[in-house]
Amino acid sequence: MQLLMHFSKEEGAAVLKDLGAVTKHYQKGETVLHAGRENRYIFSVLSGSVQIQNSDIWGNTSVLNMVEKGQVFAEAYAFLPGEKLLVEAVANEPCEVLVIDAQRIFALPESDMKNKLIQNLLFISSVKNVQLSRRILHTSSKRVRERVLSFLSEQAERQESRYITIPYDRRQMADYLSVERSALSKELSKMKAEGLIDYHKNTFKILI
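Attention in this report is confined to the structure presented alongside it.

Rules used in this analysis
Residues numbered from 1 in each chain as written. Predicted model: local features only at pLDDT ≥ 70, side-chain atom pairs only at ≥ 80, totals over all residues. Heavy atoms only, no water. Salt bridge = Lys/Arg side-chain N within 4 Å of Asp/Glu carboxyl O. Axes fitted to C-alpha atoms, helices over the stretch in contact; angles between N-to-C directions. Helix = DSSP H or I, 4+ residues; strand = E, 2+ residues; numbered from the N terminus. Parallel < 35°, antiparallel > 145°, perpendicular 65-115°, else oblique. Contact = heavy atoms within 4.5 Å. Nonpolar A, V, L, I, M, F, W, Y, C, P; charged D, E, K, R; others polar. Buried < 20%, exposed > 50% of the residue type's maximum accessible area, 1.4 Å probe, protein only. Polar contact = N/O pair within 3.5 Å; in protein donor to acceptor, adjacent residues only side chain to side chain. Core = buried A, V, L, I, M, F, W, Y, C linked by side-chain atoms within 4.5 Å. Pairing = 2+ DSSP bridges.

### Concerning the pattern of salt bridges
Line of reasoning, step 1. Taken as a whole and assessed by the stated rule, the structure comprises 11 salt bridges.
Line of reasoning, step 2. Here Lys114 makes a salt bridge to Glu110, at a shortest N to O gap of 3.1 Å.

In structure tokens, the structure reads:
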């Protein structure tokens, strides 16, 4: 779990007890956090995955991130009292989520465990900023192909392989890249026909 990096099993259990952490379960499609509401909690995915998305008044959805097992979400809003959520969190599949009241972190006595917890939160925040920068990079081009190439290149670099698995289905990938699903499918078919890539569902092979 990202939040408890560098903690022993015993230390992690002790700090979660001190923070009054509780576990909640969500079914696929169930909303974990609603846009427009305030939030004071930090969430950590124990099993399954949670999709972070933004929807406009016309019903258009943009996928911002997929939070998987061990990862954390909503921590930025938890430390900004009065700030309303610009996004919503939706269970991508049946999942189990650990919920922590962020304000209780400040009430912890000064200790190495408290310092490690705060350091972990800073690390998580830094990772999120990098992820946001990556998405901005992927969607900066007006052309669908260039967005796809940017995304797949980044995934290949991160996974250190030309055989890659992405965390999105076609609809989610289209939302993440801010393109129409039909345009994405058409471009992927063209790239496959040209011998640039091969793919099956969310598994891709980069051929050149």
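### Focus: the packing of helix α6 (residues 170–177) against helix α7 (residues 181–193)
Line of reasoning, step 1. Contact geometry of α6 with α7 gives a least axis separation of 9 Å together with a crossing angle of 105°. Judged on the interaxial angle alone, α7 and α6 are roughly perpendicular. From α6, Arg170, Arg171, Met173 and Ala174 reach across to α7, where they touch Arg181, Leu184 and Leu188.
Line of reasoning, step 2. Classifying every residue of the contact of α6 with α7 by side-chain character gives four nonpolar, no polar and three charged.

### Here's the deal with α6
For the α-helix, the turn length of 3.6 residues means that residues three or four positions removed from each other point alike.
Line of reasoning, step 1. Among the eight residues in α6, seven count as buried, and that is most of the element.
Line of reasoning, step 2. When we look at burial in α6, the residues that qualify are Arg170, Gln172, Met173, Ala174, Asp175, Tyr176 and Leu177.
Line of reasoning, step 3. Capping of α6 at its N-terminal end is provided by Asp169; its side-chain oxygen lies 3.2 Å from the backbone amide nitrogen of Arg171.

### Brief notes about the nonpolar core
Line of reasoning, step 1. In terms of nonpolar packing, the biggest core is built from 22 residues, with Val148, Phe151, Leu152, Tyr168, Met173, Ile197 and Phe204 touching the most fellow members.
Line of reasoning, step 2. Put simply, the parts of the chain that give this core at least two residues each are β5 (61–68), α5 (144–159), α6, α7, β10 (197–200) and β11 (203–206).
Line of reasoning, step 3. Among residues more than four places away in sequence, those in contact with Met173 are Val148, Phe151, Leu152, Ile166, Tyr168, Leu184 and Phe204.

### Describing the sheet that holds β10
Line of reasoning, step 1. Taking strand neighbours across the sheet as the criterion, the three strands line up as β9-β11-β10 in an open arrangement whose pairing is antiparallel. Either end of the sheet is taken by a strand with one partner, and the two such strands are β9 (163–165) and β10. The average undirected angle you get between the axes of adjacent strands in this sheet is 20°.
Line of reasoning, step 2. Where β9 lies against β11, three bridges are found, and the strand directions are antiparallel. Bridging across to β11, Tyr163 finds its partner in Lys205.
Line of reasoning, step 3. Its contacts with the sheet put α5 on β9, β10 and β11, and the angle it makes with β9 is roughly 105°.

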